[in-house]
Amino acid sequence: MISISEPCTFALFGAMGDLALRKLFPALFQLDRAELLHENTRLLALAREAGDAAYHLGQIEEHLREFVPAEQLEETALARFKARLEYVHVDFLKADDYVTLAERIGDSGTVIAYFATPAAVYGAICENLAKVGLADRTRAVLEKPIGHDLESSRTVNDAVARYFPENRVYRIDHYLGKETVQNLIALRFANSLFETQWNQNYISHVEITVAEKVGIEGRWGYFDKAGQLRDMIQNHLVQLLCLIAMDPPADLSADAIRDEKVKVLKALQPITGEALHTHVVRGQYIAGYSEGRAVPGYLEEENSNPHSDTETFVALRADIRNWRWAGVPFYLRTGKRMPQKLSQIVIHFKEPPHYIFAPEQRMQISNKLIIRLQPDESISLRVMTKEQGLDKGMQLRSGPLQLNFSDAYRSARIPDAYERLLLEVMQGNQNLFVRKDEIEYSWKWCDQLIAGWKRSGDVPKPYAAGSWGPMSSIALITRDGRSWYGDI
Ligand code: BG6
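Description of the structure in this document. Predicted model only: the values in this text are computed from it and were never measured.

**Brief notes about the packing of aromatic side chains**
Line of reasoning, step 1. Overall, the coordinates contain 16 aromatic pairs when judged by the stated rule.
Line of reasoning, step 2. Here the aromatic rings of W325 and F330 are separated by 5.2 Å at their centres, their planes lie at 85°, and the arrangement is edge-to-face. F330 shares its class with W325; the two are buried.
Line of reasoning, step 3. Over the aromatic face of Y175 sits the side chain of K178, whose NZ or CZ is 4.6 Å from the ring centroid.
Line of reasoning, step 4. The lysine or arginine in question, R282, covers the ring of W453, its NZ or CZ lying 4.4 Å from the ring centre.

And the structure:
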């Protein structure tokens, strides 16, 4: 049973930005609509854009109408939400503006400061909050990207740590708020069926695919400095890998879970030397087709630099150096402009040790656990059964034992990841947030890869928009005698 969060003042820095308008306000609205916000909770939209409050509040409402399904935007819920909402003009770098902000916030109660701004100003916001005496009762929520490598992420984290102890810092990775990702914990640690098999004795390999159909969507400037490795692998895919690979935590406390994730990160084999060529593929999309429509290549997108060698696709083989996972590759793959939006994890179990069926069925006989995050949320276990019918003999087929969340719990709306995360911050629970050392180990692993690319002058391989990536990403896995699950 979810409880109503304690009363707080939720101060959203960067309230007129894309993330706030498309994701955060709709998520706050849904929490309010579900009556999970305390009646005294206030929402402060903080932005440096000029213009009067009525105009900005109008913008927020307009976006709610666009991003919340019409049937969920009941007028009474909307009126309640608007009554909580205030707009405050704040120049994030100007200490004086925080005096006004502190007056608006008042003397008591928890403050949640959500930084939906560039990470370069996190330190200044923290310092200014501290100057007006707000830091001690504030939880700081940090959006990604936190830096673009280990060193810059340390600079940001250290600037925040000067004013906020780690137990009041909430680093967002929105994948951790997705229902099915949380279900990984339930699946693994509430079912002895899986956990007893969850190691190199029974699992042959693991695939994690996060494919997006969209291209760069007007974000070229940001994306080109990052690339797919920093934008997706360093955070979302590495977090998924940790949740699959970690040992059972002693309990569900934030630090017990995060300690186990860090052990996995420390055990990740650096990808260097020859492995840079055999275990990693970088790609960049060229013009192609998406849903039958011609779409431009990455270098022809709006505001692009036609000489960029930033990758929009990465496939790699990660190895974890410990007893549980020795010899079990984790194949990670993510890209823009792929044929469909698909996020899924496939755990491939080993074949039975002794084979007694017809030799021509040999290839199909391993079990697979398929955990689908997007577009639909489901968990399916592919098991071998016999074909029905007198004429079939002992002919095998692979079929699913399936739990499709939207079918199984038809009445329940699947919440957006941000709803879950915002609620957890309000409840002071850090389970679904990333600790400083997790980010740092993950950067360390990615940094050596990026350094290797630089040293070897690696250029991304082209792939047509609407395809599953460069041919060499297929070779990456077929070289090990395997294939990406379900590619068509
Ligand atoms: C963000 C990345 O973190 O995740 C984006 O910056 C990406 O580039 C997005 O599109 C994908 O999130 P989701 O929830 O749509 O899979």
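**Notes on the site of the ligand**
Line of reasoning, step 1. In the vicinity of the ligand, the contacting residues are K144, H174, Y175, K178, E212, R219, D231, M232, H236, K336, K341 and Q374.
Line of reasoning, step 2. Interatomic distance of 2.7 Å between a side-chain N/O atom of K178 and an oxygen atom of the ligand.
Line of reasoning, step 3. Burial of the ligand by the protein amounts to 80% of the accessible area it has alone, namely 400 Å².
Line of reasoning, step 4. It is helix α10 (residues 228-245) that provides the largest number of residues to the shell around the ligand, a total of three residues.
Line of reasoning, step 5. When the residues that make up the shell around the ligand are grouped by side-chain class, the tally is two nonpolar, three polar and seven charged.

**A few points about the sheet that holds strand β6 (residues 169-171)**
Line of reasoning, step 1. The strand order β3-β2-β1-β4-β5-β6 describes an open sheet built from six strands, whose pairing is parallel. Each end of this open sheet is capped by a strand with a single partner; those strands are β3 (85-89) and β6. Taken pair by pair, the neighbouring strands of this sheet meet at an average axis angle of 20°, ignoring direction.
Line of reasoning, step 2. Direction of pairing for strand β1 (residues 8-13) relative to strand β4 (residues 110-115): parallel, over a ladder of six bridges.

**Describing helix α6 (residues 150-161)**
Line of reasoning, step 1. Over its twelve residues, α6 extends 16 Å from the first C-alpha to the last, a length consistent with the 16 Å expected when each residue adds 1.5 Å.
Line of reasoning, step 2. Considered for burial, the residues of α6 that qualify are L150, S152, S153, V156, N157, A159 and V160.
Line of reasoning, step 3. Looking at the buried positions of α6, the neighbouring elements they touch are α5 (122-131), β5 (138-142), β6 and α15 (436-456).

**So, the pairing of β4**
In the case of a regular strand, side chains alternate between the two sheet surfaces.
Line of reasoning, step 1. With six of six residues buried, β4 is to be regarded as a mostly interior element.
Line of reasoning, step 2. Side chains of β4 alternate between two faces, with T110, I112 and Y114 and V111, A113 and F115 buried alike.
Line of reasoning, step 3. Note that β4 and β5 share five bridges and pair parallel. Bridge pairing links V111 to T138 in β5.
Line of reasoning, step 4. With α5 bridging β4 and the parallel β5, this β-α-β connection has right-handed handedness.

**What to know about the sheet that holds strand β8 (residues 280-286)**
Line of reasoning, step 1. As summarised here, the arrangement of the nine strands in space is β16-β15-β14-β13-β7-β12-β11-β8-β17, forming an open sheet in which the pairing is mixed. With partners counted over all chains shown, the strands left at the sheet margins are β16 (396-404) and β17 (461-464), one partner each. Put simply, the sheet's adjacent strands are angled 20° from each other on average, direction ignored.
Line of reasoning, step 2. Sheet analysis places strand β11 (residues 313-318) next to strand β12 (residues 330-335), joined by six bridges and oriented antiparallel. Its bridge partner being in β12, L316 is matched across the sheet by L332.
Line of reasoning, step 3. Packed on one face of the sheet, α10 meets β7 (203-211), β11, β12, β13 (342-349) and β14 (368-374) and runs near 145° to β12.
Line of reasoning, step 4. Packed on one face of the sheet, α15 meets β8 and β11 and runs near 115° to β11.

Rules used throughout
Residues numbered from 1 in each chain as written. Predicted model: local features only at pLDDT ≥ 70, side-chain atom pairs only at ≥ 80, totals over all residues. Heavy atoms only, no water. Phe/Tyr/Trp six-rings, centres within 6.5 Å; stacked < 30°, edge-to-face > 60°. Buried < 20%, exposed > 50% of the residue type's maximum accessible area, 1.4 Å probe, protein only. Lys NZ or Arg CZ within 6 Å of the ring centre and 35° of its normal. Near = heavy atom within 4 Å. Polar contact = N/O pair within 3.5 Å; in protein donor to acceptor, adjacent residues only side chain to side chain. Areas by Shrake-Rupley, 256 points an atom, 1.4 Å probe, with all protein chains shown as cover. Helix = DSSP H or I, 4+ residues; strand = E, 2+ residues; numbered from the N terminus. Nonpolar A, V, L, I, M, F, W, Y, C, P; charged D, E, K, R; others polar. Pairing = 2+ DSSP bridges. Axes fitted to C-alpha atoms, helices over the stretch in contact; angles between N-to-C directions. Expected span 1.5 Å × (residues − 1). Contact = heavy atoms within 4.5 Å. Right-handed = clockwise from strand over helix to strand, strands pointing away.

Honestly, it's all geometry; don't read function into it.
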